[in-house]
Amino acid sequence: MTGIPSAFSPIQLHNRLNRPVWIGFKLTRRGKRQLVILTAGEEGAAKLSKNFETFVGQIVREFKLDPEQTDFVELRQEKRDSEAGEHSWFRWHAHWVGSAPMECKADPVTSEAARSYLEDVLTRNTAAA
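Everything numeric in this text was worked out from a predicted model, so none of it was measured.

Cut-offs used in this document
Residues numbered from 1 in each chain as written. Predicted model: local features only at pLDDT ≥ 70, side-chain atom pairs only at ≥ 80, totals over all residues. Heavy atoms only, no water. Phe/Tyr/Trp six-rings, centres within 6.5 Å; stacked < 30°, edge-to-face > 60°. Helix = DSSP H or I, 4+ residues; strand = E, 2+ residues; numbered from the N terminus. Buried < 20%, exposed > 50% of the residue type's maximum accessible area, 1.4 Å probe, protein only. Lys NZ or Arg CZ within 6 Å of the ring centre and 35° of its normal. Pairing = 2+ DSSP bridges. Axes fitted to C-alpha atoms, helices over the stretch in contact; angles between N-to-C directions.

1. Quick notes on the packing of aromatic side chains
Going through the model one piece at a time under the given rule, you end up with four aromatic pairs. Aromatic side chains Phe25 and Phe63 sit 4.9 Å apart centroid to centroid with 15° between the ring planes, which places their arrangement in the stacked category. Linking Phe25 in strand S2 (residues 20–30) with Phe63 in the loop between helix H1 (46–62) and strand S4 (70–77), this pair joins segments that are 38 residues apart in sequence. In this structure Phe25 comes out as buried when scored by relative accessible area, which is 8%. Taking the relative accessible area as the measure of exposure, Phe63 reaches 32% and is therefore partly exposed. One aromatic cluster is present, formed by Phe52, Phe72, Trp92 and Trp96 through successive ring pairs. Just above the ring of Phe90 sits the side chain of Arg76; from NZ or CZ to the centre is 3.8 Å.

2. A closer look at the sheet that holds strand S3 (residues 33–39)
Taking strand neighbours across the sheet as the criterion, the six strands line up as S1-S2-S3-S4-S5-S6 in an open arrangement whose pairing is mixed. Because the sheet does not close on itself, it has two edges, and the strands there are strand S1 (9–14) and strand S6 (100–108). The sheet shows a mean angle of 35° between the axes of neighbouring strands, direction not considered. Two strands pair when backbone bridges link them, and S1 and S2 are joined in this way by six bridges, in the antiparallel orientation. Paired with Gln12 across the strands is Trp22, a residue of S2.

Listed below in structure tokens is the structure:
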């Protein structure tokens, strides 16, 4: 669980090799839509990228989410010697067959408005917790 920011709740899921893995998880709702934010913390994006389909399938089933009404976003933390706190946002897209995601891909969130919204979601939910 190293490096998971305090704004996230640690959740244990099983990777594609069926081994338990801890990732950071945050679920927020806005109207009928849900936003799921995930992070691997300082352990790197590869953990999520390699296992995204497996992880979100488990999350959709566990929390009884409608995948068509749920957005999945990843916070990737950069490891840099001189700059602490650098991070990037990625929005994940999937074709859903029931609760099984297929053809998953991530696109960087480049819009300043979208990045600001995601930062606000983390700050707002952390302050309220």
